[in-house]
Amino acid sequence: MFSLPIRIYWEDTDAGGVVYHAQYLAFLERARSEWMREHGYGQELLRLQHDLVFAVRAMTLDFLKPARLDDALEVTAELRQCRRASAVFAQAVRRGDELLLTAQVRVAALDARGFRPRAIPPPLHDQLKALEHPAA
């Protein structure tokens, strides 16, 4: 499973030193972007070579425990399903063995110029499909 290390800085927190809830969205986005990059599909490459961008269509978050200033976290991303024009990722945020947040994120494939829905190009779709890890 792909994992991105994240350190919590003052800018990520509220006045009490607890991570502000919306900041988790940025952490999840970074992990998905780095997952794509690790598999050879950096977002700029997708835009230039395939006229393709992915945009979040739906997201379900379950906040279990708070992260705090100076925490070292791991943000995971795993492709659960790749469809013709969308993909679903399972994500989590952990502090060591402690699970802090779970997320399911559906991204939609859009053409990069007009931001209209489109199919993922067949060769790319086949490569992403091969990276799926359906839920057990």
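Residues numbered from 1 in each chain as written. Predicted model: local features only at pLDDT ≥ 70, side-chain atom pairs only at ≥ 80, totals over all residues. Heavy atoms only, no water.

1. Here we look at the overall build of the chain
Here is step 1: The helix and strand inventory of the chain stands at 3 helices and 5 strands.
Here is step 2: Moving toward the C terminus, one meets the helices and strands of the chain in the order β-α-α-β-β-β-β-α.
Here is step 3: Since a compact globule built from 136 residues should have a radius of gyration of about 14 Å, the 16 Å found for the chain is in line with a globular shape.
Here is step 4: The buried share of the chain, taken over its 136 residues, is 41%.
Here is step 5: Restricting the contact set of the chain to residue pairs at least 6 apart, pairs at least 24 apart contribute 67%.
Here is step 6: Total accessible area on the chain is roughly 7700 Å²; 52% of this is exposed by carbon and sulfur atoms.
Here is step 7: In the chain, 18 positive and 18 negative side-chain charges are present, and the distance between their average locations comes to 7 Å. (Helix = DSSP H or I, 4+ residues; strand = E, 2+ residues; numbered from the N terminus. Rg over C-alpha atoms; globule rule 2.2 N^0.38 Å. Buried < 20%, exposed > 50% of the residue type's maximum accessible area, 1.4 Å probe, protein only. Contact = heavy atoms within 4.5 Å. Areas by Shrake-Rupley, 256 points an atom, 1.4 Å probe, with all protein chains shown as cover. Lys, Arg positive; Asp, Glu negative; His and termini not counted. Charge placed at Lys NZ, Arg CZ, Asp CG, Glu CD.)

2. Concerning the pairing of strand β5 (residues 98–111)
Here is step 1: As judged from the 11 bridges shared by strand β2 (residues 52–63) and β5, these two strands associate in the antiparallel manner. Each bridged residue has a counterpart across the sheet, and for alanine 58 the counterpart in β5 is arginine 106.
Here is step 2: Where strand β4 (residues 86–95) and β5 come together, 10 bridges link them in antiparallel fashion. When the sheet's bridge partners are listed, phenylalanine 89 is paired in β5 with valine 105.
Here is step 3: Taking the residues that link successive antiparallel strands as the turn, the β4-β5 hairpin has 2 residues, and the phi of glycine 96 there is positive, at about 65°. (Pairing = 2+ DSSP bridges.)

3. Some points on the sheet that holds β5
Here is step 1: Read across the open sheet, the 5 strands follow the order β1-β3-β4-β5-β2; overall the sheet is antiparallel. The open sheet is flanked by β1 (2–7) and β2, the only strands paired with a single partner. Going from strand to strand, the sheet's axes swing by 25° on average, the running direction of each strand aside.
Here is step 2: Pairing geometry for strand β3 (residues 72–82) and β4, over 8 bridges, is antiparallel. Note on β4: the bridge partner recorded for alanine 77 is glutamine 91.
Here is step 3: Contacts from helix α1 (residues 23–38) reach β1, β2, β3, β4 and β5 within the one sheet, and its direction differs from that of β1 by about 140°. (Axes fitted to C-alpha atoms, helices over the stretch in contact; angles between N-to-C directions.)

4. A closer look at a nonpolar patch on the surface
Here is step 1: On the surface, Leu25, Val56 and Met59 cluster together to form a nonpolar patch covering roughly 210 Å² of accessible area.
Here is step 2: Within the secondary structure, leucine 25 is located in helix α1.
Here is step 3: A residue is classified by how much of its surface remains accessible, and leucine 25, at 35% relative accessible area, is partly exposed. (Patch = residues over 30% accessible without salt bridge, like charges linked within 9 Å, V, L, I, M, F, W, Y side chains within 5 Å. Salt bridge = Lys/Arg side-chain N within 4 Å of Asp/Glu carboxyl O.)

5. Considerations on the side chain of glutamine 91
Here is step 1: With respect to the helices and strands, glutamine 91 occurs in strand β4.
Here is step 2: Within polar-contact distance, the side chain of glutamine 91 engages the backbone oxygen of leucine 28 at 3.1 Å.
Here is step 3: Among all residues touching glutamine 91, those that are not within four sequence positions of it are Leu28, Ala31, Arg32, Val75, Thr76, Ala77, Leu101, Thr102, Ala103 and Val105. (Polar contact = N/O pair within 3.5 Å; in protein donor to acceptor, adjacent residues only side chain to side chain.)

6. Details of the nonpolar core
Here is step 1: Within the largest apolar cluster, 32 residues are counted, with the highest numbers of intra-cluster contacts made by Trp35, Val93 and Leu128.
Here is step 2: Not counting residues within four places of it along the chain, the set of residues in contact with leucine 128 comprises Trp35, Met36, Tyr41, Phe54, Leu79, Cys82 and Ile120. (Core = buried A, V, L, I, M, F, W, Y, C linked by side-chain atoms within 4.5 Å.)

7. Focus on the environment of histidine 125
Here is step 1: Relative to the elements of secondary structure, histidine 125 occurs in helix α3 (residues 122–129).
Here is step 2: You can call histidine 125 buried: its relative accessible area is 6%.
Here is step 3: Residues histidine 125 and alanine 85 lie 40 residues apart in sequence; the distance between their C-alpha atoms is 8.8 Å.

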